[in-house]
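Understanding the architecture of this molecule
Each chain, written out:
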Amino acid sequence: MENLFTDEYFMRIAFNEAVTAFERDEIPVGAVIVCNNKIIAKAHNLTETLTDVTAHAEMQAITSAANYLGGKYLQDCTLYVTLEPCVMCGGALYWSQISKVVYGASDEKRGFKAKIGELHPKTEIISGIMENECSQLMKEFFLRKR
């Protein structure tokens, strides 16, 4: 039997979180963290809601996953996020020792690749999953703001 739990499957769930953020007038970034094909955390940006510049989707998901697992390390976990993590989130992912990061749209200006290059040496990085959908949602959000 074919494995139904693909990178695109989990990215669709992260994308749904981004849509929730969009509907709440937050920058539309969504994230899920998966361990053993089970979602252990779902989150979206809450920076406006919480008036907290650190309340990015990734940060919310990291905290939730760590609480679920009962420890600070996310080894054997995968983060699916609709936008390339920023430097702050990249640092948190580095310290969490997450095994894999999968992101949709690249962020040429603020993404970790443009600023620091890579994450933890043992972290696998995959980009471009649902890139068009993720990118289009961001563009639509900022067009509405202008």
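Residues numbered from 1 in each chain as written. Predicted model: local features only at pLDDT ≥ 70, side-chain atom pairs only at ≥ 80, totals over all residues. Heavy atoms only, no water.

Thoughts on the UniProt feature "binding site: Zn(2+)" (unreviewed entry) in the protein chain
Note the cut-off: UniProt positions are given in the numbering used here, feature names are shortened, and annotations may be inferred rather than shown by experiment. Definitions used for this entry: grid spacing 1 Å over protein atoms alone; cavity, a set of points where a 1.4 Å probe fits but cannot get out; pocket, an open set with protein on both sides within 12 Å along at least 5 of 7 lines; lining residue, one with an atom within 4 Å of a point. Only DSSP runs of H or I with at least four residues qualify as helices, and only runs of E with at least two residues qualify as strands; both kinds are numbered from the N terminus onward. Here a residue-residue contact requires only that any non-hydrogen atoms of the pair lie within 4.5 Å.
With numbering matched to this structure, UniProt assigns "binding site: Zn(2+)" (unreviewed entry) to His56, Cys86 and Cys89. Spanning 34 residues, the named residues form one tight spatial group whose C-alpha atoms are at most 9.3 Å apart. When only the residues just named are considered, the largest pocket is lined by His56 and Cys86. Secondary-structure assignment places His56 in the loop between β2 (38-44) and α2 (57-69). Once you skip the residues sitting within four places of it in the chain, His56 turns out to touch Asn45, Thr47, Cys86, Met88 and Cys89. The residue Cys86 is located in the loop between β3 (77-83) and α3 (87-96) in this model. The residues contacting Cys86, other than those within four sequence positions of it, are His56, Glu58, Arg110, Gly111 and Phe112.

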